[in-house]
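Now for the letters of each chain:
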Amino acid sequence: MSQMRLPLGLPEARETEFLVGESNSRAVHQLEHWATWPVMSALLVGPRKSGRSLLARIFAAKSGGRIFDDADRASEAEVFHAWNAAQQERRPLLIVAEAPPPIWQVKLPDLRSRLAASPLLELGPPDDLLVPQLIERAFERHLLHAKPDLIAWLSKRIERSHVAILRVADALESESDNRLSIPAVRAALAQNGLITETDEP
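Residues numbered from 1 in each chain as written. Predicted model: local features only at pLDDT ≥ 70, side-chain atom pairs only at ≥ 80, totals over all residues. Heavy atoms only, no water.

Caption draft 1: Geometry of the overall build of the protein. Check the secondary structure of the protein and you find eight helices and six strands. Relative to its full complement of 201 residues, the protein shows a buried share of 46%. Restricting the contact set of the protein to residue pairs at least 6 apart, pairs at least 24 apart contribute 73%. When the accessible surface of the protein is summed, it comes to about 10,800 Å², and 51% of that surface belongs to carbon and sulfur atoms. (Helix = DSSP H or I, 4+ residues; strand = E, 2+ residues; numbered from the N terminus. Buried < 20%, exposed > 50% of the residue type's maximum accessible area, 1.4 Å probe, protein only. Contact = heavy atoms within 4.5 Å. Areas by Shrake-Rupley, 256 points an atom, 1.4 Å probe, with all protein chains shown as cover.)

Caption draft 2: Structural view of the environment of V185. By secondary structure assignment, the location of V185 is in helix α8 (residues 182-191). With 14 residues separating them in the primary sequence, V185 and A171 have C-alpha atoms 9.2 Å apart.

Caption draft 3: A look at the nonpolar core. I135, F139, L154, V168, L172, V185 and L189 are the most contacted members of the largest nonpolar core, which totals 25 residues. If you list the elements that add at least two residues to this core, you get α5 (130-141), α6 (148-155), α7 (162-172) and α8. Examining the composition of this core, we find that six residues originate from one element, α5, more than from any other. Those residues in contact with F139 that sit more than four places away from it in its chain are L144, A146, L150, I151, L154, V168, A169, L172 and L180. (Core = buried A, V, L, I, M, F, W, Y, C linked by side-chain atoms within 4.5 Å.)

Caption draft 4: Looking closely at the environment of W104. As for its position among the elements, W104 is in the loop between β5 (93-97) and α4 (109-117). A sequence separation of 33 residues divides W104 from A71, and the C-alpha atoms of the two residues are 9.5 Å apart. Excluding residues within four positions of it along the chain, W104 makes contact with L43, A71, D72, I95, A97, A99 and L115.

Caption draft 5: Structural detail: α8. Of all the residues in α8, the buried ones are I182, V185, R186, A188 and L189. Its buried side turned inward, α8 meets α6 and α7.

Caption draft 6: The arrangement of the pattern of salt bridges in detail. Here the structure, examined in full by the defined rule, presents four salt bridges. Between E89 and R66 there is a salt bridge, with the nearest N and O atoms lying 3.1 Å from each other. Here E89 is found in helix α3 (residues 76-89), whereas its partner R66 is found in strand β4 (residues 66-68), with 23 residues between them in sequence. Accessibility expressed as a relative area gives 43% for E89, which makes it partly exposed. (Salt bridge = Lys/Arg side-chain N within 4 Å of Asp/Glu carboxyl O.)

Caption draft 7: Up close: the sheet that holds β4. The strand order across the open sheet formed by four strands is β4-β5-β3-β6, and the pairing between neighbours is parallel. Of all the strands in the sheet, the pair left with one neighbour each is β4 and β6 (120-122). Averaged over all adjacent pairs, the angle separating strand axes in this sheet is 25 degrees, with direction ignored. The strands touched by helix α1 (residues 25-32) within the sheet are β3 (41-45), β5 and β6, with β6 carrying the most contacts at an inclination of about 140 degrees. Its contacts with the sheet put α3 on β3, β4 and β5, and the angle it makes with β5 is roughly 155 degrees. (Pairing = 2+ DSSP bridges. Axes fitted to C-alpha atoms, helices over the stretch in contact; angles between N-to-C directions.)

Here it is, written out as structure tokens:
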């Protein structure tokens, strides 16, 4: 699947774009078509560093809606009242959490029923096409220079998660000149326990 970006329209363009792949395209589609939601609230969930908060901000900027971020760590009564207010005001509300119920253990019965009635938008682990894009983005932020063959090699040898990609960039930041080779990367990541496959290229 080809990649596309959703610009927020702020000066820091690369920091305000959300990379879209197969693992998150359905959630993006649902956000773009929020007027079709059965209620005026939806639940956006995804693992750490998956860009869920950024995607929520893009949604709010485009739709004029509201965000309730880190809802799974907030007062359930506040989330409940925000959900009700969205219905009364007819203004979309995106409730953002790391995981949906029942993983998110909601005790308030009225909130459980309202979340159950809301569309569930899920961001999954990065897919085959998204992993190299995310590695390139992380390397840019750390001023790391890597050729395409190294990105391709690395994409097949690290844990497929947003957090792991950021940890890889952190581990490589101290490499000499920040110009990376496969042997240097292999050694550095093996030392930090970040390589999942150690076969030769």
